[in-house]
Amino acid sequence: FGQDAAQGEKVFAKCKACHVSDADQNKIGPSLKGLIGRTAGTHEGFKYSAAMMDAGKGGMVWDEATLTTYLHDPKGVVKGTKMAFAGLKEDKDVADVIAYLKQFSP
Ligand code: HEM
């Protein structure tokens, strides 16, 4: 089972068109630097969907558990999200990309 950050960097190729992982820079999607432990929909300067901001107001914080469900099925977990990505099918890819993102979080 996953948790391989080097593999996760390869999985992150699927996210790169929209996200930066290692700098505080918003693109089509919000910066994912410092993601772990952050409340959903709260990165400064990014215009989120109402759905993502509501998820955060409802208490959703990005950790291993919430990211695992969201990355498998973004639109199922945050109904109305504007993230135009179908999700990752493989459990290992999800675990590896989370391990990769953890490197850029406190
Ligand atoms: C939001 C991760 C692929 C566009 C998010 C959030 C996470 C995430 C964790 C919530 C961030 C927050 O609350 O600050 C990922 C990962 C991806 C991926 C790990 C690849 C596996 C993509 C792609 C696109 C995209 C390919 C563009 C086609 C967005 C947008 C949002 C978002 C627009 C804001 C959603 C909203 O406000 O409803 N992403 N993403 N993401 N992502 Fe992605």
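What counts and how
- Residues numbered from 1 in each chain as written.
- Predicted model: local features only at pLDDT ≥ 70, side-chain atom pairs only at ≥ 80, totals over all residues.
- Heavy atoms only, no water.
- Helix = DSSP H or I, 4+ residues; strand = E, 2+ residues; numbered from the N terminus.
- Rg over C-alpha atoms; globule rule 2.2 N^0.38 Å.
- Buried < 20%, exposed > 50% of the residue type's maximum accessible area, 1.4 Å probe, protein only.
- Areas by Shrake-Rupley, 256 points an atom, 1.4 Å probe, with all protein chains shown as cover.
- Near = heavy atom within 4 Å.
- Polar contact = N/O pair within 3.5 Å; in protein donor to acceptor, adjacent residues only side chain to side chain.
- Arc of directions from axis to C-beta.
- Contact = heavy atoms within 4.5 Å.
- Donors = N, O, S within 2.8 Å, 3.2 Å for Na, K, Ca; no water.

A.B. asks: Residues and numbers for the overall build of the chain, please.
C.D. replies: Along the backbone of the chain there are five helices and zero strands. When the helices and strands of the chain are listed from N to C terminus, the series reads α-α-α-α-α. For 106 residues, the compact-globule estimate of 2.2 N^0.38 gives 13 Å, and the chain sits close to it at 13 Å. For the C-alpha atoms alone, the extent of the chain along its principal axes is close to 35 × 25 × 25 Å. With 106 residues in all, the chain has 43% of them scored as buried. For the chain, the computed accessible surface area is about 5900 Å², with 55% contributed by carbon and sulfur atoms.

A.B. asks: Break down the site of the ligand for me, citing the residues and quoting the values.
C.D. replies: Around the ligand sit 26 residues, and of these Cys15, Cys18, His19, Ser49 and Met83 come closest. Residue Gly41 places a main-chain N or O atom 2.9 Å away from an oxygen atom belonging to the ligand. Trp62 has a polar side-chain atom sitting 2.8 Å from an oxygen atom of the ligand. For the shell around the ligand, the leading source of residues is helix H3 (residues 64–72), giving three residues.

A.B. asks: Run through H3, naming residues and quoting values.
C.D. replies: Those residues of H3 not exposed but buried are Thr66, Leu67, Tyr70 and Leu71. For H3, the buried positions fall inside an angular range of 120° around the axis, keeping them on one side. Against helix H2 (50–57), helix H4 (74–77) and helix H5 (91–102) lie the buried residues of H3.

A.B. asks: So what's going on with the coordination of the iron atom of the ligand? Which residues, and what values?
C.D. replies: Note on the iron atom of the ligand: its protein donors are His19 (NE2) and Met83 (SD). The metal-donor distances range over 2.0 to 2.1 Å. Judged by relative accessible area, His19 falls into the buried class, the value being 12%.

A.B. asks: Before we move on, can you summarise the environment of Phe46 with the specific residues and values?
C.D. replies: Within the secondary structure layout, Phe46 lies in the loop between helix H1 (5–11) and H2. Given the relative accessible area of 16%, Phe46 is considered buried. In the structure, Phe46 is positioned 21 residues away from Gln25 in sequence and 9.4 Å away in space, judged by C-alpha atoms. Leave out the neighbours within four places in its chain, and Phe46 touches Asn26, Lys27, Ile28, Gly29, Pro30 and Lys82.

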